[in-house]
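Below, each chain spelled out in residue letters.
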Amino acid sequence: ELDPRPAQVGAATGALGGDIALRAGVAGVDQDRARAILAGHRDATGADVVMLLSPQGTMAADSLRPARLGDAFALSPILDEADRDGQASRIVVMDGGLYRLAFVPVTASALGAWLCAGFAIDDRRVADVRRRTGLQVSVLRRVDSGFVVHASTLAGVERDDLKRALAASRTAVVIRLDGQPYATRAEPLASEVFVVLQRPLTEVLRPYDRLVAGLLVVVGAGLAVVLTGAFWLRRK
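Residues numbered from 1 in each chain as written. Predicted model: local features only at pLDDT ≥ 70, side-chain atom pairs only at ≥ 80, totals over all residues. Heavy atoms only, no water.

Points about the overall build of the protein chain
When its secondary structure is counted, the protein chain shows seven helices and ten strands. By residue count, 38% of the 236 residues in the protein chain fall in the buried class. Contacts in the protein chain between residues at least 24 apart in sequence constitute 47% of all its contacts with a sequence separation of at least 6. Within the structure as shown, the protein chain displays about 12,900 Å² of accessible surface, and the carbon and sulfur contribution to it stands at 55%. (Helix = DSSP H or I, 4+ residues; strand = E, 2+ residues; numbered from the N terminus. Buried < 20%, exposed > 50% of the residue type's maximum accessible area, 1.4 Å probe, protein only. Contact = heavy atoms within 4.5 Å. Areas by Shrake-Rupley, 256 points an atom, 1.4 Å probe, with all protein chains shown as cover.)

If you want it as structure tokens, here you go:
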């Protein structure tokens, strides 16, 4: 859910890479038509932004910001990776937000252009994960001053508590959020980007509480049998 791969984008792309109007957009002929096609592809894939990149690494079309036409793509090392491997996928900061960018070639010919679909890692996306798992989900990025929360199912005060706790120890297994202890697991998503999964400690320990209660019943019953036997032997 948080990590769309290029193969998924490629499967959804289908015949788009061979679209004549899209190739015309790469060539600088019909950007309006290319942007319209990108908007349709964005809706079909569930992406938040779709970009068309020329073989020279410039913006041929952008469904989010059309004014960037002709600008150099700011994340050119990812294009180098795509050229080398035939596709690429990476989590990056773009326009202040966190995105998973996935690149697929526009066509199998020597055109050399790339289609880039960007999936925002935001509150909406982590809320979907929470509905599926029941866990509190947060995505944070480490910066010089500590951590920035890019997406979270936590409330404002709890987000601040999480940032402070991770700044103190990223390996903490129990973190207090607004006074309540949470079992915590942090895993890296990318360089300096982490996903944190949490559940109230009371929920985690509930099965063990039932086990302890069952053991106490068994021990209590055994003790009652022993005392009853001892009392009977004493009377004999």
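Further notes follow.
Remarks on helix 6 (residues 156–168)
The end-to-end C-alpha separation of helix 6 is 19 Å, in line with the 18 Å expected for 13 residues at 1.5 Å each. Among all positions in helix 6, only Glu158, Asp161, Leu162 and Leu166 are buried. Buried residues in helix 6, looked at end-on, bunch into an arc of 125°, giving them a common side. Exposed and oriented more than 90 degrees from the buried face of helix 6 are Arg164, Ala167 and Ala168. Residues of helix 6 that are buried in the fold lie against strand 6 (136–143), strand 7 (146–152), strand 8 (174–177), strand 9 (180–190) and strand 10 (193–200). (Expected span 1.5 Å × (residues − 1). Arc of directions from axis to C-beta.)

Notes on the sheet that holds strand 6
A sheet is described by the order of its strands in space; here five strands give the open sequence 7-6-10-9-8, paired in antiparallel fashion. Looking at which strands have only one partner, the edges of the open sheet turn out to be strand 7 and strand 8. Recorded for the sheet is a direction-independent mean angle of 40° between the axes of neighbouring strands. Across six bridges, the pairing between strand 6 and strand 10 is antiparallel. When the sheet's bridge partners are listed, Leu140 is paired in strand 10 with Phe194. Packing against the sheet, helix 6 makes contact with strand 6, strand 7, strand 8, strand 9 and strand 10, and its axis sits at approximately 145° to strand 8. (Pairing = 2+ DSSP bridges. Axes fitted to C-alpha atoms, helices over the stretch in contact; angles between N-to-C directions.)

Thoughts on the packing of aromatic side chains
Applying the stated criterion across every chain, the model contains two aromatic pairs. Note on Phe73 and Phe103: the rings are 5.9 Å apart at their centroids and 75° apart in plane angle, and the pair reads as edge-to-face. Here Phe73, found in the loop between strand 2 (59–62) and helix 4 (76–85), pairs with Phe103, found in strand 4 (residues 97–105); they are 30 residues apart in sequence, far enough to count as distant. The exposure class assigned to Phe73 is buried, which follows from its relative accessible area of 7%. A relative accessible area of 0% places Phe103 in the buried class. Between the aromatic rings of Phe147 and Phe194, the centroid separation amounts to 6.2 Å while the plane-to-plane angle is 65°, which identifies the pairing as edge-to-face. Here Phe194 lies in strand 10 and Phe147 lies in strand 7, a separation of 47 residues in the sequence. Each member of the pair, Phe147 as well as Phe194, is classed as buried. (Phe/Tyr/Trp six-rings, centres within 6.5 Å; stacked < 30°, edge-to-face > 60°.)

With respect to the pairing of strand 5 (residues 114–120)
Counting buried residues in strand 5 gives seven out of seven residues, a clear majority hidden from the surface. Residue alternation in strand 5 divides its side chains into two sets, Trp114, Cys116, Gly118 and Ala120 and Leu115, Ala117 and Phe119, and both sets are buried. In this structure, strand 1 (residues 49–53) lies alongside strand 5, joined through five bridges in antiparallel fashion. Bridging across to strand 5, Met51 finds its partner in Cys116.

A closer look at helix 5 (residues 123–133)
Of all the positions in helix 5, only Arg125, Val126 and Val129 are classed as buried. Relative to the axis of helix 5, the buried residues are bounded by an arc of 95° and lie together on one face. If you follow the buried residues of helix 5, they end up packed against strand 5, strand 6 and strand 7. Within two residues after helix 5, Gly134 carries a phi angle of roughly 80°, on the positive side.

So, the side chain of Ser89
Relative to the assigned elements, Ser89 resides in strand 3 (residues 88–94). Here the side chain of Ser89 touches Arg100 through a polar contact of 2.9 Å, side chain to side chain. (Polar contact = N/O pair within 3.5 Å; in protein donor to acceptor, adjacent residues only side chain to side chain.)

Describing unusual backbone geometry
In this structure, Asp178 takes a positive phi of about 50° despite not being glycine. Of note, Asp178 is situated in the loop between strand 8 and strand 9. The phi torsion at Glu192 lies on the positive side, around 70°, for a residue other than glycine. Turning to its location among the elements, Glu192 is positioned in the loop between strand 9 and strand 10.

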